[in-house]
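Here's the letter readout for the chains.
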Amino acid sequence: RLEPVNGATVDTVNIGCNPYGLVIDQKGIVGAQGAGCGQLIRTDPKTKNIQKFAYPAGAYGLNVDKYGHIWVASGAAASRFDPKTFKWTVVNGIAGGGRGVATSNDGYVYVAGDGSSTVTKINALTAAIEGKFPLGSGNSPVGIALDYDGFVWTVNQGSTSASKVDPKTGGVIGK
């Protein structure tokens with residue numbers, strides 16, 4: 001934990017793995033995607049309690065949805081972790097090469113598919129795929145985020161560009 005004004009270290013917790021990505025859920029629990037560990041690592045910064053949960057389908061991207069579920073993506077699957085039941089739900093059929101994960105305030109999860117140059121839209125509550133949005137050949141999106149207005153943005157490693165996608169129509173409206 002860092003001091004917010006000057007960045008000085010305030011506290012540390014050894015999670016036994018090198019973190020690759022971090023997310024903080026609505027209850028302040030830190031979720032880490034551990035590089036090389038094959039596990040979601042959940043840490044309560046107040047108690048320093050650490051819980052580890054093996055990924056059912058691998059992980060690259062990491063995010064938390066509005067319901068408190070942790071999402072990861074890798075390859076042709078995304079996985080949703082429920083912190084109440086400690087169970088995973090695997091969503092197969094992600095457009096090739098799931099990498100980055102973004103979540104929206106209206107209950108959707110977006111996965112960047114670098115192998116297919118596509119964004120997959122998932123209903124966060126039902127875990128159903130609700131759309132696949134092609135970005136155009138060779139873009140290879142790896143990073144993904146939503147802006148203030150709810151548009152989906154990808155960082156495209158293959159074309160050294162970014163794409164702006166309308167989440168309602170799936171159309172690329174800027175690159």
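Values in this document were obtained by computation on a predicted structure and should not be read as measured data.

What counts, and where the lines are drawn
Residues numbered from 1 in each chain as written. Predicted model: local features only at pLDDT ≥ 70, side-chain atom pairs only at ≥ 80, totals over all residues. Heavy atoms only, no water. Helix = DSSP H or I, 4+ residues; strand = E, 2+ residues; numbered from the N terminus. Rg over C-alpha atoms; globule rule 2.2 N^0.38 Å. Buried < 20%, exposed > 50% of the residue type's maximum accessible area, 1.4 Å probe, protein only. Contact = heavy atoms within 4.5 Å. Areas by Shrake-Rupley, 256 points an atom, 1.4 Å probe, with all protein chains shown as cover. Pairing = 2+ DSSP bridges. Axes fitted to C-alpha atoms, helices over the stretch in contact; angles between N-to-C directions. Phe/Tyr/Trp six-rings, centres within 6.5 Å; stacked < 30°, edge-to-face > 60°. Lys NZ or Arg CZ within 6 Å of the ring centre and 35° of its normal. Salt bridge = Lys/Arg side-chain N within 4 Å of Asp/Glu carboxyl O.

Observations concerning the overall build of the protein chain
Okay, step 1: For the protein chain, the count of helices and strands is zero helices and 16 strands.
Okay, step 2: Against the 2.2 N^0.38 benchmark of 16 Å for 175 residues, the protein chain shows a C-alpha radius of gyration of 16 Å, consistent with a compact globule.
Okay, step 3: For the protein chain, the spread of C-alpha atoms along the three principal axes comes to 45 × 40 × 30 Å.
Okay, step 4: The 175 residues of the protein chain split such that 44% are buried.
Okay, step 5: Within the protein chain, residue pairs in contact and separated by at least 24 positions form 33% of the contacts whose partners lie at least 6 positions apart.
Okay, step 6: By element, 52% of the accessible surface of the protein chain is carried by carbon and sulfur atoms, the whole surface being about 8800 Å².

Notes on the sheet that holds strand 1 (residues 18–24)
Okay, step 1: Taking strand neighbours across the sheet as the criterion, the four strands line up as 1-2-3-4 in an open arrangement whose pairing is antiparallel. Two strands lie at the open edges of the sheet, namely strand 1 and strand 4 (50–54), each paired on one side alone. The average undirected angle you get between the axes of adjacent strands in this sheet is 25 degrees.
Okay, step 2: Sheet topology note: the strand 3 (residues 39–43)/strand 4 ladder contains five bridges and is antiparallel. Paired with T43 across the two strands is I50, which belongs to strand 4.

Quick notes on the pairing of strand 9 (residues 98–103)
Okay, step 1: The buried fraction of strand 9 amounts to six of the six residues, a majority that puts the element mostly inside the structure.
Okay, step 2: As defined by bridge partners, strand 9 adjoins strand 10 (residues 108–113) across four bridges and the pair is classed as antiparallel. Bridged to A102 within strand 10 is Y110.

Let's talk about the packing of aromatic side chains
Okay, step 1: Enumeration over the complete set of coordinates arrives at six aromatic pairs.
Okay, step 2: Look at F81 and F86: their rings are 6.3 Å apart centre to centre, the planes differ by 40 degrees, and that puts the pair in the tilted class.
Okay, step 3: Overall, F81 belongs to the buried group, its relative accessible area being 0%.
Okay, step 4: Among the aromatic residues, those joined into a ring-pair cluster are F53, Y55, F81, F86 and W88.
Okay, step 5: Geometry around Y60 places R99 over its ring, the cationic atom sitting 4.2 Å from the centre.
Okay, step 6: Positioned over the ring face of Y108 is K121, at 4.2 Å from the centre of the ring.

A look at the pattern of salt bridges
Okay, step 1: Applying the stated criterion to the full structure yields three salt bridges.
Okay, step 2: A salt bridge links K48 to D11; the shortest N-O distance between them is 2.8 Å. Of this pair, K48 sits in the loop between strand 3 and strand 4 while D11 sits in the segment before strand 1, and the two are 37 residues apart along the sequence.
Okay, step 3: The class of K48 is partly exposed, set by a relative accessible area of 37%.
Okay, step 4: By relative accessible area, which is 22% here, D11 ends up partly exposed.

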